[in-house]
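Each chain, letter by letter, is given below.
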Amino acid sequence: MSVPSRDRPGPTDATRWDVQALRAFAVLAVVVYHLWPNRLPGGFVGVDVFFVISGYLITGHLLREQLRTGRIGLAGFWTRRVKRLLPGAFTTLTATGIAVLVVVPSSLWGQYGRELIASAVSLQNWQLASDSVDYLASDNRPSPFQHFWSLSVEEQFYIGLPVLLLLLGTALRRTRWADPVRTARVLLGAVVVASLVWCVVETRTAPGIAYFSTATRAWEFALGGLVATVPLVERDTVRARLVRTGGTWLGVVGLLAAVLVITPATPFPGTAALLPVLSAALVVTAGARSGLAAFGRRQPVAFLGRTSYALYLWHWPAVVLLPVVLGHPLGTTSKVAVLVGSVVLAAVTTRFVEEPVRSAAWTARLRPRRVALLGLVATVAVVALGAGTLTALRVQQVQAAAFTERLAAGDVDCFGAAARIGSDDPCVNPRLADVRVPAPAAVAGDDVNRPACWSNRTADFNVCSLGPTTGYRKHLLAVGDSHSNALLSAYRVIAEREHWRIDVAGHIGCYFTTAVQEAPSQAYTDSCQGWKQAARTWVSDHADDLDAVVVTHATTKSPVVVPAGSTDEETVVQGLVGAWRSATDAGVPVIAVRDNPVARDDVVACLAQMQGPTTGACDLPRDQALAAFDGSAEAVRQVGDRARYVDLTEWTCTATVCPAVIGGVLSHRDPTHLTATFATTLAPYLGSELRSALASLDR
């Protein structure tokens, strides 16, 4: 079995300088990728290198103890991990959490607060995995805590590995596999096989989860752990030197290839992760007495290796928060400043926080129980900071909701769409000059969509009914993706005022078309295709009672798969025509509502920083807001007399811009979805358009 050096500060004869060089490479790859992604497209694989190193070092620690004492002291092991990891992590979390409250718009506090708490309790990877499959969270901005996902995976590994080694060692105690090294090989080998297979499958079916999941990353740690059970090539013979040199530099070449060949477009981790992981494992196996070890002794490399953990912690908050402070994206100068500042902070944190706590005499005297208590207190303090952020946000949301409700119930002139901004005679109410509701801090929750009207990655055709269920004058089905369901509050008002029954059915990222839509996984595609078939069946089954199908679809997401010989626009139109004709052939006409304009990517953050009277600072030019191809107008023309087209742009845009605030109401809750409040104010105008369309269809 190899004997990796102890993880402690300062150079010693036992230090694995090749591993220090590997750490320096990994952290530089990640930092450069985050600052200059086009220069190093695969730099994010540095995280995978860290996983291999961690698996190698931790497995070595555990096996040395087991061989020496015949047992694994869980309390002592976890105490060392707490002293090694928590001081730097909690220092960064606390400083970043305070910075969020000071410089970040309150509209982002909800997301950032949740991620701060998840990071503090080592569950950030699962928080991000959850957000990756949550359509409503798909527009989340990168948070300054996002990089803690990899530390969460590591800490989960540190909890699970020693427990599994103990359990398996107990189970194999009276067998020929009772030797600790053999036991480790059995366990780690099984983890490598099972986790790698699952990693490949999950990357194809649910890539968002696969990237952050502990189950899909465990094989990387386990492979590093297997290396710790393999004797190092330490003999000083010509053959041994050739093996060390060849193996080490082959691994180095593999790592260099990985950061250049792998890109963010590469399905990852999947099979692509084999290149950096195997290369790192090869370096760790053969590098102890190689030229890489000599390179790792050089002061700049040794310094980066020693401070790599702190550098990883500090650089990402700076990448995320500095543009907020500056008010513009990072330029070359500010990127260099982030790099230099992060290195300085890393050096200070390593020298005055991490190393004193890890190696000071007073910490060495602490019993595991006392260390656990201190760790718990620190965790609670950081969680309280995140909870305080969420509490402050909740107070603002309640106040904003009450104010919005008072305005909406007060019959305020020119409120929302009633401003008629696209007409020749717009309505202007000076009382609304500095009104912006819902408040940016609360706007993300200004959505009345509910599960009864919504299919989330399933083929189930969930339908909710608005208005009367009997004795209604008209019966409509409103069907589409989230942009259709964003109008649900308008449909509710219309149904009540017109005495209509309006059934609403939506699917995440999926609308009424026969075209195949691009999706992040095959399971997503299958659920969408199944839902669309169920929609056509539902329309056919209810044709005798339906007066029209109202269709809306997002033009900004879920692009269609374009067959050979066709264009994107042709495919969009033909998909719409095919689905709509399945309705018109059953005797049900179609009313197509053009998609709403988009807003700026940072529209909510922009509005959160606005003070005083509303200005056009957060608006988007009309040609950009309506740039995406909708296809509905052309599809209506091709379907013919049994289809009608409704365009609400007059109430959302002027001749030149599409404002972020219309009649005192925030038009968007994110870059693409209307707020429920604004949709409600659209009800009279959407209702009028639907009445006109139905009247013309009845003639």
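Residues numbered from 1 in each chain as written. Predicted model: local features only at pLDDT ≥ 70, side-chain atom pairs only at ≥ 80, totals over all residues. Heavy atoms only, no water.

**A word on the overall build of the protein**
- Each helix and strand counted, the protein has 25 helices and 11 strands in total.
- Its C-alpha atoms give the protein a radius of gyration of 30 Å, within 12% of the compact-globule value 27 Å for 699 residues.
- Along the longest, intermediate and shortest principal axes, the C-alpha atoms of the protein span 95 × 50 × 45 Å.
- Across the 699 residues in the protein, those meeting the buried criterion constitute 54%.
- Taking all contacts inside the protein whose residues are at least 6 apart in sequence as the whole, residues at least 24 apart take part in 80%.
- Counting every atom, the protein has about 29,500 Å² of accessible surface; 59% of that belongs to carbon and sulfur.
- Positive and negative charge centroids in the protein, built from 61 and 54 side chains respectively, lie 17 Å apart. (Helix = DSSP H or I, 4+ residues; strand = E, 2+ residues; numbered from the N terminus. Rg over C-alpha atoms; globule rule 2.2 N^0.38 Å. Buried < 20%, exposed > 50% of the residue type's maximum accessible area, 1.4 Å probe, protein only. Contact = heavy atoms within 4.5 Å. Areas by Shrake-Rupley, 256 points an atom, 1.4 Å probe, with all protein chains shown as cover. Lys, Arg positive; Asp, Glu negative; His and termini not counted. Charge placed at Lys NZ, Arg CZ, Asp CG, Glu CD.)

**Here's the deal with the packing of helix H2 (residues 46–69) against helix H6 (residues 148–171)**
- One way to put it is that H2 packs onto H6 with a least axis distance of 11 Å and a crossing angle of 25°. Considering the angle they form, H2 stands roughly parallel to H6. For the pair H2 and H6, the sense of crossing is right-handed. Contact with H2, carried on its side by Val47, Phe50, Phe51, Ser54, Gly55, Ile58, Thr59 and Leu62, involves Trp149, Ser150, Val153, Glu154, Phe157, Tyr158, Leu161, Pro162 and Leu165 of H6 and no other residues of that element.
- The residue inventory of the contact of H2 with H6, partitioned by class, reads 12 nonpolar, 4 polar and 1 charged. (Axes fitted to C-alpha atoms, helices over the stretch in contact; angles between N-to-C directions. Parallel < 35°, antiparallel > 145°, perpendicular 65-115°, else oblique. Left-handed = near helix turned anticlockwise from the far one by under 90°. Nonpolar A, V, L, I, M, F, W, Y, C, P; charged D, E, K, R; others polar.)

**Considerations on the pattern of salt bridges**
- Under the defined criterion, the tally for this structure stands at 12 salt bridges.
- Arg637 serves as the salt-bridge partner of Glu634, at 2.6 Å between the closest nitrogen and oxygen. Of this pair, Glu634 and Arg637 are both found in helix H24 (residues 632–639), 3 residues apart, which corresponds to roughly one turn of the helix. (Salt bridge = Lys/Arg side-chain N within 4 Å of Asp/Glu carboxyl O.)

**Some remarks on the environment of Arg691**
- Residue position: Arg691 is located in helix H25 (residues 676–698).
- According to the relative accessible area criterion, Arg691 is partly exposed, its value standing at 37%.
- For the pair Arg691 and Phe415, spaced 276 residues apart in sequence, the C-alpha separation works out to 23 Å.
- Apart from residues lying up to four places away in sequence, Arg691 is in contact with Glu498 and Trp500.

**Some thoughts on unusual backbone geometry**
- With an omega of 10°, the peptide bond running from Phe268 to Pro269 counts as cis.
- Looking at the element boundaries, Pro269 is found in the loop between helix H10 (238–261) and helix H11 (274–286).
- Following Val437, the chain continues into Pro438 via a peptide bond in cis, with omega recorded as -10°.
- Among the structural elements, Pro438 can be located in the loop between helix H17 (368–409) and strand S1 (454–455).
- The backbone of Cys414 sits at a positive phi, close to 65°, despite the residue not being glycine.
- Judged by relative accessible area, Cys414 falls into the buried class, the value being 6%.
- Its identity is not glycine, yet His499 carries a phi of approximately 60°, on the positive side.
- Within the secondary structure, His499 sits in the loop between helix H19 (488–498) and strand S4 (501–507).

**Focus: the packing of aromatic side chains**
- In the structure shown here, the tally under the stated rule is 14 aromatic pairs.
- Plain terms: the ring middles of Phe44 and Phe268 are 5.2 Å apart, the flat faces sit at 90° to each other, and that makes the pair edge-to-face. A residue pair is termed long-range when its members are at least 10 positions apart, and Phe44 in the loop between helix H1 (17–35) and H2 and Phe268 in the loop between H10 and H11 qualify at 224 residues.
- Here Phe44 falls in the buried class, since its relative accessible area comes to 9%.
- A centroid spacing of 5.6 Å and a plane angle of 40° characterise the contact between Phe461 and Trp531, whose relative ring orientation is tilted. Here the residue Phe461 occupies a position in the loop between S1 and strand S2 (464–466), and Trp531 occupies one in helix H20 (residues 522–541), the gap between them amounting to 70 residues. Taken individually, Phe461 and Trp531 each receive the classification buried, so the pair is uniform in this respect.
- Put simply, the rings of Tyr33, Phe44, Phe51, Trp149, Phe157, Tyr158, Tyr211, Phe212, Phe221 and Phe268 pair up and form one aromatic cluster.
- The ring of Phe352 has Arg351 lying over it, and the distance from NZ or CZ to the ring centre is 5.1 Å. (Phe/Tyr/Trp six-rings, centres within 6.5 Å; stacked < 30°, edge-to-face > 60°. Lys NZ or Arg CZ within 6 Å of the ring centre and 35° of its normal.)

**Overview of a nonpolar patch on the surface**
- On the surface, Val336, Val340, Val344, Val348 and Phe352 cluster together into a nonpolar patch covering about 440 Å² of accessible area.
- Note that Phe352 resides in helix H15 (residues 332–359).
- You can call Phe352 exposed: its relative accessible area is 58%. (Patch = residues over 30% accessible without salt bridge, like charges linked within 9 Å, V, L, I, M, F, W, Y side chains within 5 Å.)

**Quick word on the pairing of strand S3 (residues 475–480)**
- Counted residue by residue, S3 has 6 buried out of 6 residues, so it is predominantly covered.
- A two-sided burial pattern is seen for S3, the buried positions comprising His475, Leu477 and Val479 on one face and Leu476, Ala478 and Gly480 on the other.
- Here 6 bridges tie S3 to S4, and the two strands are oriented parallel to one another. Counterpart to Ala478 in the pairing with S4 is Val504.
- Bridge count between S3 and strand S5 (residues 548–552): 5 bridges; the pairing is parallel. Within S5, the residue paired with Val479 across the bridge is Val551. (Pairing = 2+ DSSP bridges.)

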